[in-house]
Amino acid sequence: MAEGGYPPYNVEILPADAHCPERLRITLAVAGFARDELDVSITGGALQIRGEKPDEEPKDYLHRGLASRRFKRTFALVNGVEVRKAELHNGLLAIELERPNQEKRVLKVGITSAS
């Protein structure tokens, strides 16, 4: 399955608030796909989104502009990024990612004299 440009997607930054750190939202246009025809998984440090429609009876189209082909989109995840939720609404699949605030640690390294 070649990714190509299908389905189109957006990546946006959601600002931090009192309850959550800064987050990312990936939104894919998956019009025509039902929830059970989509799969969101994390494998080997990558977020994978797949869509597959069951085979339908052949139809005689005058024009076919709505894609219903299967797809796979992969996004590399930076260490510490976690998928918080995935929601399907009005043909858009929104996946929210969060990178928990990391405590800044200072590690003191002792210096020895070379003799």
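Reading the values: rules and limits
- Residues numbered from 1 in each chain as written.
- Predicted model: local features only at pLDDT ≥ 70, side-chain atom pairs only at ≥ 80, totals over all residues.
- Heavy atoms only, no water.
- Patch = residues over 30% accessible without salt bridge, like charges linked within 9 Å, V, L, I, M, F, W, Y side chains within 5 Å.
- Areas by Shrake-Rupley, 256 points an atom, 1.4 Å probe, with all protein chains shown as cover.
- Salt bridge = Lys/Arg side-chain N within 4 Å of Asp/Glu carboxyl O.
- Lys, Arg positive; Asp, Glu negative; His and termini not counted.
- Charge placed at Lys NZ, Arg CZ, Asp CG, Glu CD.
- Helix = DSSP H or I, 4+ residues; strand = E, 2+ residues; numbered from the N terminus.
- Buried < 20%, exposed > 50% of the residue type's maximum accessible area, 1.4 Å probe, protein only.
- Pairing = 2+ DSSP bridges.
- Axes fitted to C-alpha atoms, helices over the stretch in contact; angles between N-to-C directions.
- Phe/Tyr/Trp six-rings, centres within 6.5 Å; stacked < 30°, edge-to-face > 60°.
- Lys NZ or Arg CZ within 6 Å of the ring centre and 35° of its normal.

Draft legend 1. A look at a negative patch on the surface. Judged by side-chain charge, Glu-52, Asp-55, Glu-56 and Glu-57 come together as a negatively charged surface patch. Within the element layout of this structure, Glu-52 appears in the loop between strand S4 (46-51) and strand S5 (71-76). Here Glu-52 falls in the partly exposed class, since its relative accessible area comes to 48%.

Draft legend 2. Summary view of the sheet that holds strand S3 (residues 38-43). Ordered by their spatial adjacency, three strands build an open sheet running S3-S4-S5, and the pairing between neighbours is antiparallel. Each edge of the sheet is formed by a strand with only one pairing partner; in this case those strands are S3 and S5. Each strand of the sheet is rotated relative to its neighbour by a mean of 15°, with strand direction disregarded.

Draft legend 3. Here's a closer look at the packing of aromatic side chains. Under the defined criterion, the tally for this structure stands at three aromatic pairs. When the ring of Phe-33 is compared with that of Phe-71, the centres are 5.4 Å apart and the planes differ by 85°; the resulting orientation is edge-to-face. Taken together, the residues span a long stretch of sequence, with Phe-33 in the loop between strand S2 (23-29) and S3 and Phe-71 in strand S5 at a distance of 38 residues. Phe-33 gets classed as buried once you look at its relative accessible area, which sits at 6%. Grouping aromatic residues by their ring pairs yields a cluster made of Tyr-6, Phe-33 and Phe-71. Stacked on the ring of Phe-33, the Lys or Arg Lys-53 has its end atom at 5.3 Å from the ring centre.

Draft legend 4. Highlighting unusual backbone geometry. Looking along the chain, the bond that leaves Tyr-6 and enters Pro-7 is cis, with omega of -10°. For Pro-7, the location among the structural elements is in the segment before strand S1 (9-14). One non-glycine residue, Asn-90, adopts positive backbone phi at about 50°. Note that Asn-90 resides in the loop between strand S6 (82-89) and strand S7 (92-98).

Draft legend 5. Representation of the pattern of salt bridges within the structure. Enumeration over the complete set of coordinates arrives at seven salt bridges. A salt bridge links Glu-37 to Lys-53; the nearest nitrogen and oxygen atoms lie 3.0 Å apart. Taken together, the positions of Glu-37 in the loop between S2 and S3 and Lys-53 in the loop between S4 and S5 put the pair 16 residues apart, joining distant regions of the chain. By sharing partners, the salt bridges in this structure join Glu-12, Arg-23, Arg-25 and Glu-96 into a single network.

Draft legend 6. Structural context of a nonpolar patch on the surface. On the surface, a nonpolar cluster with roughly 360 Å² of combined accessible area is contributed by Tyr-9, Val-11, Ile-13 and Leu-24. At three residues, S1 tops the list of elements feeding residues into the nonpolar patch. In this fold, Val-11 is placed in strand S1.

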